[in-house]
Amino acid sequence: IIVIFLFLNTSCITESNDYFPLSNGKVWNYNVTINPGVEEKVVYKKTNVTLKKVDIIDNKKNKISAYPILREDNSVYYYSKGPEGIYREGSQLTGNQSIVFESDKKYVLKFPIEIGTRWNSNSKTYLILRRYAYFDYRATTNFELKYKIVSINESVIVPAGKFKNCVKISGIGETTFIGNNEIGAIKIIVKTTDWYAPKIGLIKSVRSEETDTDLFGTSRMVQVLDDFK
C-alpha cells in the first residue's frame, strides 16, 4: 500500500511539472503585442531557452538546484521545483555577474494543479507608459498579485497550434502609484490570465493594467506561443 501511494504521489508531481517543462534544450518563441493605453502599439518577439540544471548559493548560503532559463536579452532567470510547486529563485539581468534573489518564493505554478488552488506573488507594474519629447514616463510600482486556478481543461488556439487540457490561471491585484506633483496618485488595477499546456508550458498570457486617469488609460499585453521545440 505504501509503495502504491508513493508511486501515485510521485506521478501527480511529475504530471504537474509537465505544465512548466524545465529540462535542458527546450525553446519557446513568443509573439508579444502591447497596447500601452494612450500610446502606439508595440509588437516584438520573445524567446525562452532552458539551460542545464546548476547549483546556486542564495543569500542565506543555502545550496539550491536551479533550472536556468535564458531570455532573448541574455538575462537568465532561475527556477526550482518541489512538492509545493514551481517557483522563481532569482534573476541575473544582462550585464550583471551576480544573481538577485527573490525575497520570498515567487510561485509560477502552485500544486496541486486543480481548480481552486490559490497563491500570492510579488509583481510590478510595467505596461503603463506615456511618451514625451525627451523621455518616456512609466508608472512603475510594486504590489501583490493574487492567483487562482480557474480551469484545468481549456482548449486554446495560438499560432503554434491548438492545445487541449490547458490550465487557466487568473490573477488580480491593486496598487497606487505616486507620481510627481502634476500626476499625483494613480490607482491601478492589474488583471492577468495565463494558459499552460501539458508538456509545453505557457502558451498564452494576457495582462491589463487599468488606471483611473485619462493620462495613462488602460494598457494591455497579449503574449502567444509562435512555436516550441
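The structure reproduced in this document is the subject of the present report. The structure presented is a predicted model; accordingly, all values stated were derived computationally and were not measured.

Direction of pairing for strand E1 (residues 27-36) relative to strand E15 (residues 218-228): antiparallel, over a ladder of 9 bridges. Note that in E15 the partner of Asn29 across the bridge is Asp227. Relative to E15, strand E14 (residues 201-211) is paired through 7 bridges, and the arrangement is antiparallel. Looking across to E15, one finds that Ser205 is bridged to Gln223.

Okay, the packing of aromatic side chains next. The final tally for this structure, using the stated rule, is 5 aromatic pairs. Measuring from centroid to centroid gives 5.3 Å for Phe20 and Tyr79, while their planes differ by 50 degrees, and the two rings are tilted. In this pair, Phe20 sits in the loop between helix H1 (2-17) and E1 while Tyr79 sits in strand E5 (residues 76-82), placing the two residues 59 residues apart along the sequence. Here Trp119 and Tyr147 contribute two aromatic rings whose centre-to-centre distance is 5.5 Å and whose plane-to-plane angle is 20 degrees, an arrangement assigned as stacked. Taken as a pair, Trp119 in strand E8 (residues 118-124) and Tyr147 in strand E11 (residues 142-158) lie far apart in primary sequence, 28 residues in all. An identical accessibility class is assigned to Trp119 and Tyr147; each is buried.

So, how was this worked out
Residues numbered from 1 in each chain as written. Predicted model: local features only at pLDDT ≥ 70, side-chain atom pairs only at ≥ 80, totals over all residues. Heavy atoms only, no water. Pairing = 2+ DSSP bridges. Helix = DSSP H or I, 4+ residues; strand = E, 2+ residues; numbered from the N terminus. Phe/Tyr/Trp six-rings, centres within 6.5 Å; stacked < 30°, edge-to-face > 60°. Buried < 20%, exposed > 50% of the residue type's maximum accessible area, 1.4 Å probe, protein only.

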